[in-house]
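# Fold and geometry: a report
Residue strings, one per chain:
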Amino acid sequence: MKPVDFTYHHATSVDDALARLAASGDDAKLIGGGQSLGPMLNLRLARPGTLVDISSVEALRGIESTRESVIAGAAVTHTEIEDRPAADATERAMREVAAGIAYRAVRNRGTIGGSIVHADPAADWASFLLCADARIHIRGVGREREVRMRDFTRAAYTTALTPHEIVTRIEIPRADTGARFGFHKLCRKTGELAEAMGAVLVDPERRYCRVVVGAVGAKPVVLPAAARCLAATAAPADLEALRAEIATRAGEHDPVKLHMAAVAAGRAIDRALVG
Amino acid sequence: MSTGIGARVLRKEDARHLAGKAQFVGDLSFPRQWEVAFVRSPLAHACIRAITVPGRHAGRVFTADDMAGVQPIRAESSLPTYKASDWPALARGKVRFAGECVALCIAPTRAEAEDIAEAVELDLDPLPAITDSLAARRPDAPLVHEDWGDNLFLTTSADGDIEAVRARAAVVIEREYRTARQCMVPMEGKAVLARPDERQGQLVVYTSTQVPHLIRTGLSQTLGLDQADVRVIAPDVGGGFGYKCVLQPEEISVAWAAMRTGRPLRWVEDRREHLTAGANTRQHHYRLTAFADARGRLLGIDAEVTVDVGAYSVWPFTACLEAAQAGGNLPGPYAFDTYRCKTYSVATNKPAFTPYRGVARPGVCFAMELTIDAIARAVGREPADVRAENLVPAEAMPYTNVTGKLYDSGDYPGSVTGARRMIDLGAVRARQRTPEPDGRLVGIGFSTFTEQTAHGTRVFGAWGLPLVPGYEQAMVKLAPSGTVEVRSGNHSFGQGLETTLAQVASEQLGLGVDHIRVTMGDTGETPYSTGAYASRGMVMAGGAVSTAAESLAGRIRQHAGHLLQARPDDVSLSGGRAWAGEASVSFEDIARAWYLRPDQLPDAVDTRGLEVTEGYKPEVDTGVFTYATHAAVVAVDPATGAVEILDYVLFEDCGRRVNPMILEGQSYGGTAQGIGTALFEESLYDDNGQPLTSTFADYVVPGPTELPSMRIEHTESLSPFTRHGIKGIGEGAAIAPAGAVVNAINDALRPLGVELNEIPATPRRILAAILEARATPASRGEQGGRTCPHH
């Protein structure tokens, strides 16, 4: 389990990294914390000719806090989010999500940007950021764009990112003071990827309510019917209704998996109701 | 303070382990050393049409054709119906499991060796794979070994008069049980480094093994070398569990390639190799019918055991040890007198079965313990009561059971009483009467077993294996500095033997363990030993060290007698000195007199000196029996199938405890592995024999947060047959957890009409059973198991 031979480039800036990507054709891969790419390299599932390490690019580091948003650099580690003091519901929820990812050793190196770009359907950030309606800031050579999270993840391990682009920042809209998040995942053991997960945000002030289920199907999906019901009644979720909506939205038909997904979403809703 | 038998001495080996200074095969380095990577079969069953090596890699790749003259691994047995298999170190003609070694590639680094391995082209003609041991028994199944005519390594049978029992049984329990295929997952996988030693004219093989002397024998036989021309050294070994108690094909091919190239070569198993080519243990299937009277008293057992032993028979223990042990140990600690059992050791296209900590008993214990609870439910009694009443009572000891096993000593029902008190059965039953605030269901389960340990000639001889362990030898020496050296051919791979053997010597010599050096694992420096397996180390190597140290103590007293002007019988040893009344002389002075100043000793001095090798064999060598009862309290979330172990206790008896602290460590570790078996670990295959669990993302082992805080109590029933009354304990704790945990789960799920008879009890399996029970509520009853719908 050793990777194929590759060239390693330690990028000093976003422009440097972009230039290197452009110079390498389709043969280069960005590496941040390497917590997903590392094993894939060792298993030779990923075989890049060049690795461009962006983990210490200054522009990708740090968390910015504004009145409207929390903006995390793509190379911010899960640990940095976990250890950051949380001032409001959004930051508390981010801290909770970060703290539940894998193990501390993984969190120390793994990054929020790396997580969404890898696009594992069971990744915690993928569900949370979809739930929070995050915006992904992307740079290519000579251009910048923003993509909403719901358009960013396309399918399992597939995103809207083109080969010569870099995710620079992840912008999470700040919820109102009365907002409540709920997050719940079912894992076979601590630190394992979830078998099912639910993420919920209820923000009455902004008239925003979203329910997301993850780790089923090809990518996390929004459950609008469940959200409408929650916003209207503030009542615990109906398991049968969740199951039916997940089956339709996520195309999941294994009864056990479907049940787990409905329970995870239901418990996330319960958590949001409790606050 | 004494550092002898019974002392909680800190482990000597931990000084280097905790400092990161231990020496594993992966730490070794020799001039000109290269690394090895294997080309492994991507298919489970295929004919090899061609192996093509790109010209640029000529001389870097070796196949079976290069190894002409090297014998395959072939383990014979004299048991009737047994069929031996030929397992070449590199596949010849056919591949029989995914992960089988096909070619050996060498390069300065492992990464480059893997580059070469990737470039080797295999032209394989796929054959239908057989991955299900029950299907493999059918007459139309594809054959793993064509010339056999079927897929059966061995069938055995015990024929009691079951029909007579059936007529008088008030309760008949019929079940089907399944245990998953597993990997053993030692921290260090297999690893071997071979180098020619021109000065000694020897091939030196460093290998991560439990059985260095056996590996020397095996390598000599397969490579056609004189045993004297091979030296095997097992350096620090990072866990064994049985995985490293057999001759490995990689040991043969790496040793051969080192001789062929004249270069030190090393191969270290990586985790993917381990999880695929090492998925070689635990997989049993049972059809079991139990007969009991109206109080739940066992009258008889009728069983059929099928073990999925994979493609080849391992040397020396064969593919059949597991099923033979299952048939012999299924009755376990229970007293009943009618037993019928048929066992099948079935060949499939999977890695070659290797006995894992507990050998067959984790499976049979799971089957028996679930059956006892099923009987208790059928007769409406507390399972702990029914269990205790069925166990061999203390007053019956020594007791010969229905399969002829001689249980030496102990109070088996007392272990249930002990575990029941520790876990407070009454409080758990009271708790169950009120719903839990979080909606979970609480259950309690017990599991009792006996563990045959240190069994010797009569037992292994009856199996007709290539290896029959009998005696054990040890060398004990008073060194020139006045310290003591102990040499044993057994080996320590984490079980603390380096410390406990020193404690035995300390007990006999009155010298602290800090002054006792224990050397193991090197065939060049230690007496022959068949090695560390069958929980024999403490009994056998401990007995040998005790015998040799006692003999050395006699010689030390003689020499001291000369120096102290006292009769040897009046000399006693303590604190590193020999005493006669108030007068004393240090070990250092005694050693100096013998080695440097013999003028201080009389002319008639015993010239055998201060170095003794003695052998040891227990008075009765059919094994001494450790036993224990484990009890678990679990909470099951009926919405998710998640299981939390709320409490876990062990009440154990392994005779005299040499080091209670090390023993507790063994018990914690074994229980952790058993909980892995119960709830997590499973090597899965698709219908083509492709392994589906090839990384730790798929093969789940329990971590600290999944394991309970175990509480342990001990009682000591000394064995009448062994030195110091010691019994083995290395394997025991891994045996019981599946029974205790799944009994607890079934107890919890009883209100839902769910009974699980398959492990691991994953959330998915539990949830599937609950959903199925909800869908068909009427069909559930006490008699019906999930996998037994016809009831």
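Residues numbered from 1 in each chain as written. Chains lettered and ligands numbered in written order. Predicted model: local features only at pLDDT ≥ 70, side-chain atom pairs only at ≥ 80, totals over all residues.

## A short note on the overall build of chain B
Helices and strands together make up the secondary structure of chain B, namely 19 helices and 28 strands. For 791 residues, the compact-globule estimate of 2.2 N^0.38 gives 28 Å, and the C-alpha radius of gyration of chain B, at 27 Å, lies within 12% of that figure. If one aligns the C-alpha atoms of chain B with their principal axes, the spans along those axes are about 95 × 75 × 50 Å. Burial analysis of chain B (791 residues in total) assigns 58% to the buried set. Counting only contacts in chain B whose residues sit at least 6 apart along the sequence, the fraction spanning at least 24 positions is 80%. (Helix = DSSP H or I, 4+ residues; strand = E, 2+ residues; numbered from the N terminus. Rg over C-alpha atoms; globule rule 2.2 N^0.38 Å. Buried ≥ 20, exposed ≤ 12 C-beta atoms within 10 Å, placed from the backbone. Contact = placed C-beta atoms within 7 Å.)

## Re the interface of chain A and chain B
Facing the 14 residues of chain A at the interface are 20 residues of chain B. With five residues, the single largest contributor to the side of chain A that touches chain B is helix α11 (residues 255-274) of chain A. The residue inventory of the side of chain A that touches chain B, partitioned by class, reads eight nonpolar, two polar and four charged. (Nonpolar A, V, L, I, M, F, W, Y, C, P; charged D, E, K, R; others polar.)

## Topic: the sheet that holds strand β28 (residues 710-714) of chain B
All names here are of chain B. Read from one edge of the open sheet, four strands run β18-β26-β27-β28, paired in mixed fashion. Each edge of the sheet is formed by a strand with only one pairing partner; in this case those strands are β18 (441-453) and β28. For this sheet the average axis-to-axis angle between neighbouring strands, irrespective of direction, equals 15°. As judged from the five bridges shared by strand β27 (residues 643-653) and β28, these two strands associate in the parallel manner. Bridged to Leu 650 within β28 is Ile 712. (Pairing = 2+ DSSP bridges. Axes fitted to C-alpha atoms, helices over the stretch in contact; angles between N-to-C directions.)

## Here's the deal with the sheet that holds strand β2 (residues 46-52) of chain B
Residue and element names in this part refer to chain B. Read from one edge of the open sheet, three strands run β4-β2-β6, paired in antiparallel fashion. On the outer flanks of this sheet lie β4 (94-95) and β6 (121-126), each paired with one strand and no other. Where β2 meets β4, two bridges bridge the pair, whose relative direction is antiparallel. Considered in β4, the bridge of Cys 47 is made with Lys 94.

## Notes on the domain arrangement of chain B
Residues and elements named next belong to chain B. Per the domain assignment, the segments making up chain B are domain 1 (32-127 + 190-237 + 244-277), domain 2 (359-455 + 621-779) and domain 3 (471-616). The gap between the C-alpha centroids of domain 2 and domain 3 is 41 Å. The interface of domain 2 with domain 3 comprises 18 residues on the first partner and 17 residues on the second. (Domains from an automatic or database assignment.)

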